[in-house]
Amino acid sequence: MLNYTQILSNCARSDIREFFTRLTIESSDLYNKVADIRLSKDVFTRFPCVEVSNKVQYIKSENFLSEWIGEKRPLLAGEITHISIVILANILGRAITTGFGQVSKSKKIFDYIFRGRDITSKKIDIFTSILTSENIPIPSTTYSFVTDSTVAPFSEKLMMFIIVSVGTISIENDGMAFAETLRNDLLVKFMRIMPEVAKFIKDGSDIMIDNTWLEQPPQSVEHKNLV
């Protein structure tokens, strides 16, 4: 839904706008159906609920943005939301990397995918500790994602594409959270983890290129090369 609306807001041609408008509606309908099913089966993972002030308050000190040591201000509601999104996305990412890793037949791909699982586990630990340190409920799941099957559901080409795509989504989530975060200690945590995820995506792309699995996206013409 986020990607469709982002593309829609930058399109000029009416047929393309109509196409992405339809996709936005369809994806919204699908989400609502899935949400209803998850709620009916009591497997909907909810974000933390916190009490907030009913009064409008204004920032009176620059320490609100720049404090490094001492007692830190409480997390903003928006910061809690983005931290929760990062945690939930990495719970799903850990399930995908665990499942795909255990069915991989290539040692190189096996090691790569489980390296991704280690990164997701690290991120879950980092950001859940932030919430627990401030007595905020942690978003969690009450069911297991991964079975003990060692039969690959997809080709290694498709599994690698999904893993790299999940890594890209992780960078997008971290970037959105970074942009909405106003506490310096949280910004530092995002800045430390994002380069590791970016390196993971790069290494995955290299594996796909080595196996001739990565299709080249459209690119602009280099006019000097036409001569």
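Note that the coordinates shown come from a computational prediction; the quantities given were computed from them, not determined experimentally.

S.K.: How should I be thinking about helix 2 (residues 14-40) in this particular structure?
M.R.: Each α-helix winds once per 3.6 residues, and so residues spaced three or four apart point in a common direction. Its 27 residues place the ends of helix 2 39 Å apart at the C-alpha level, agreeing with the 39 Å of an ideal helix rising 1.5 Å per residue. Among the residues making up helix 2, those that are buried are Phe20, Leu23, Thr24, Ser27 and Ala35. Along its buried surface, helix 2 packs onto helix 1 (2-8). Positive backbone phi, approximately 60°, marks aspartate 42, located one or two places after helix 2.

S.K.: In this structure, what is going on with the pattern of salt bridges? I would like to understand it.
M.R.: Oppositely charged side chains are able to pair whenever their charged atoms sit close together. Summed over the entire model, instances satisfying the criterion amount to twelve salt bridges. Ionic pairing is found between glutamate 79 and arginine 73, a salt bridge with its closest N-O pair at 2.9 Å. Overall, the relative accessible area of 1% leaves glutamate 79 in the buried class. Note on arginine 73: relative accessible area 9%, which makes it buried.

S.K.: When you look at the nonpolar core in this model, what are you seeing that I'm missing?
M.R.: Among soluble globular proteins, nonpolar side chains are generally buried collectively. Leu75, Ile83, Ile87, Phe127, Ile130, Leu131 and Phe190 are the most contacted members of the largest nonpolar core, which totals 17 residues. Elements that contribute at least two residues to this core include exactly helix 4 (77-103), helix 5 (107-133) and helix 7 (184-210). When residues of this core are assigned to their parent elements, the largest contribution, six residues, is made by helix 4. Discounting residues that sit within four places of it in the chain, isoleucine 83 has contacts with Leu75, Phe127, Ile130, Leu131 and Leu186.

Cut-offs applied
- Residues numbered from 1 in each chain as written.
- Predicted model: local features only at pLDDT ≥ 70, side-chain atom pairs only at ≥ 80, totals over all residues.
- Heavy atoms only, no water.
- Helix = DSSP H or I, 4+ residues; strand = E, 2+ residues; numbered from the N terminus.
- Expected span 1.5 Å × (residues − 1).
- Buried < 20%, exposed > 50% of the residue type's maximum accessible area, 1.4 Å probe, protein only.
- Contact = heavy atoms within 4.5 Å.
- Salt bridge = Lys/Arg side-chain N within 4 Å of Asp/Glu carboxyl O.
- Core = buried A, V, L, I, M, F, W, Y, C linked by side-chain atoms within 4.5 Å.

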